[in-house]
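A structural walkthrough
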Amino acid sequence: MEIRCLGEGIGAQITGVDVTTLDDAGFGKIYRAWLDHNVVCVRGQKLTPAQFLAYSRRFGRLVPHASKTTQHPEHPEITMLGVNKFNPDGTLNNKIYRRGATNFHTDGNFEEEPYKATQLHCLAVPSRGGDTYFASMYTAYDLLPARLKQTLEGKFGVYIYGGRRKEYNPLLTQADFDARKPVRHPILGTHRETGRRVLYFDSVKISHIEGMSAEDSDALIEELTGCMTPHGAQYTHKWQVGDIVIWDNRCSYHQAAGDYPPEEERIHWRVSIKEAPASH
Ligand SMILES: O=C(O)CCC(=O)C(=O)O
Ligand SMILES: [Fe+2]
């Protein structure tokens, strides 16, 4: 197994493994590399859905994503990315084509217990474009001006699927969208496994910052949006068929480029991973 750093302080690539036959020691190395680099790509895998699910379960508990409309027909834990991107009238469905491309974000913060990780297995790549961008929440925290750190200490962000504009998102059924309740998370967080501090924030799904006027909350959200992609802590992933990429939603932001030729295929299987329940 070879582990190589890819980005600037974020992102690593692993080659020379077959994840279907990996023993515990081998998996431990991947897990360690993932904690150290926030985002890890294992190259050159060819998996069935069952094999992808079995490997993904080694990282934690798989949960079906809130978007039932994009579920894999036989495996509810798998979300299909890039499938059915044309409407019946032939127009492009931007909610599918540009999923994850609105801005940098972290997945699952609209849940009480956000996703620990998201993992994608790449099945088809376009001839150009379609990259995924990553940035480190650790560095975002480290580079926050002291004034902002002071303002944010003890403050909670309130998140909801429709974000600040409460805009309906057709990836959810209307009933599921209406049933969602806002949840709150500390903006200055601490990673449970590494103990490092993070700027935990998401301009797409945040509704407001608790305990502030609407104007002050909006102004702070704008300012924090500018702090999410610090220089020196970014990585751009260029996909190859067979890649498995896992990112840590507790310490990294990501964004899809959303720029590939729409008539071409860009397809991934995706799983949402939570902490495993405590074992007894
Ligand atoms: O398709 C991508 O590059 C990432 C999309 C995204 O944001 C996600 O799957 O959470
Ligand atoms: Fe995402």
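Computed from a predicted model, the values in this text were never measured in an experiment.

Our focus in this paragraph is the overall build of the chain. When its secondary structure is counted, the chain shows 7 helices and 16 strands. The C-alpha atoms of the chain give a radius of gyration of 18 Å, which matches the 19 Å a tight globule of 280 residues would have. Oriented by its inertia axes, the alpha-carbon framework of the chain measures out at about 50 × 50 × 45 Å. For the chain, the residues scored as buried account for 36% of the 280 residues in total. Restricting to contacts in the chain with at least 6 residues of sequence separation, those with at least 24 account for 80%.

With that settled, consider the site of ligand 1. Around ligand 1 sit Leu 81, Arg 99, Gly 100, Asp 107, Thr 118, Thr 132, His 254, Ala 256 and Arg 270, and that is every residue in its neighbourhood. Of the residues contributing to the shell around ligand 1, the split by class is 2 nonpolar, 4 polar and 3 charged.

What follows deals with the sheet that holds strand 15 (residues 252-256). If you trace the 3 strands from one edge of the open sheet to the other, you get 13-7-15, paired in antiparallel fashion. Each edge of the sheet is formed by a strand with only one pairing partner; in this case those strands are strand 13 (234-237) and strand 15. Taken over all neighbouring pairs, the strand axes of this sheet differ in orientation by 20° on average, direction set aside. Pairing between strand 7 (residues 132-136) and strand 13: 4 bridges, direction antiparallel. Looking at strand 13, one finds that Ala 135 is bridged to Gln 234.

Bringing the sheet that holds strand 9 (residues 183-186) into the picture now. With antiparallel pairing, the 3 strands of this open sheet are ordered in space as 9-8-12. Edge positions in the open sheet fall to strand 9 and strand 12 (206-209), since each of these has one partner strand only. Within the sheet, the average angular offset between the axes of one strand and its neighbour, ignoring direction, is 30°.

With that out of the way, let us pick up helix 1 (residues 24-37). For helix 1, with 14 residues, the first-to-last C-alpha span of 20 Å sits near the 20 Å given by 1.5 Å per residue. Of the positions making up helix 1, those classed as buried are Ile 30, Trp 34 and His 37. Viewed along the axis of helix 1, the buried residues span an arc of 85°, placing them on a single side of the element. Exposed residues lying more than 90 degrees from the buried face of helix 1 are Asp 24, Ala 25, Gly 28 and Arg 32. Against strand 1 (2-5), strand 2 (12-15), strand 3 (39-42) and strand 14 (244-248) lie the buried residues of helix 1. Residue Asn 38 follows helix 1 closely and has a positive phi angle near 70°.

The subject of this paragraph is the nonpolar core. Of all hydrophobic cores here, the largest spans 55 residues; its most connected members are Val 40, Met 137, Leu 199 and Ile 246. Beyond its immediate sequence surroundings of up to four residues, Met 137 is in contact with Val 198, Leu 199, Tyr 200, Cys 251, Ser 252 and Tyr 253.

The subject of this paragraph is helix 2 (residues 49-57). Side chains of residues three or four places apart in an α-helix project in the same direction, reflecting 3.6 residues per turn. Taken together, the buried positions of helix 2 are Phe 52, Tyr 55 and Ser 56. Down the axis of helix 2, the buried set is contained in an arc of 100°. They therefore lie on one face. Considering only its buried residues, helix 2 is in contact with strand 4 (61-63), strand 6 (117-124) and strand 16 (267-274).

Attention now goes to unusual backbone geometry. One non-glycine residue, Asn 38, adopts positive backbone phi at about 70°. Mapped onto the elements, Asn 38 comes out in the loop between helix 1 and strand 3. Among the residues examined, Asn 38 registers 30 C-beta atoms within 10 Å and is labelled buried. The residue Asn 84 is not glycine, and still its phi comes out positive at about 60°. By the element assignment, Asn 84 lies in the loop between strand 5 (79-81) and helix 3 (94-97).

Procedures and definitions
- Residue positions are given per chain, counting from 1 as you read along its sequence in written order.
- Starting at A for chains and at 1 for ligands, labels are handed out in the order in which the entities are written.
- Local features in a predicted model are, by the rule used here, given only for residues with pLDDT of at least 70; side-chain atom pairs are given and counted only at 80 or more, and totals for whole chains, interfaces and linings are based on all residues.
- Starting at the N terminus, helices and strands are each numbered in turn, a helix being any DSSP run of H or I of at least four residues and a strand any DSSP run of E of at least two.
- As defined in this context, the radius of gyration uses C-alpha atoms, and a globule is described by 2.2 Å times the residue total to the power 0.38.
- Field definition: a residue is buried when 20 or more other C-beta atoms are found within 10 Å of its C-beta, exposed when 12 or fewer are, and partly exposed for counts in between, with C-beta atoms placed from the backbone.
- Two residues qualify as being in contact provided that their C-beta atoms, derived from the backbone, are within 7 Å of each other.
- Here, nearness means that the C-beta atom of a residue, built from backbone geometry, sits within 6 Å of the molecule or strand in question.
- Amino acids are sorted into nonpolar (Ala, Val, Leu, Ile, Met, Phe, Trp, Tyr, Cys and Pro), charged (Asp, Glu, Lys and Arg) and polar (every other residue, Gly among them).
- At least two DSSP bridges between two strands are required for those strands to pair.
- In this analysis, axes come from line fits to C-alpha atoms, helices being fitted only over the stretch in contact, and the angle between any two N-to-C directions falls in the range 0 to 180 degrees.
- Expected helix span is taken as 1.5 Å per residue step, with the number of steps being one fewer than the number of residues.
- Along the arc lie the directions from the helix axis toward the C-beta atoms.
- Each nonpolar core reported here comprises buried Ala, Val, Leu, Ile, Met, Phe, Trp, Tyr and Cys residues connected via C-beta atoms within 7 Å.

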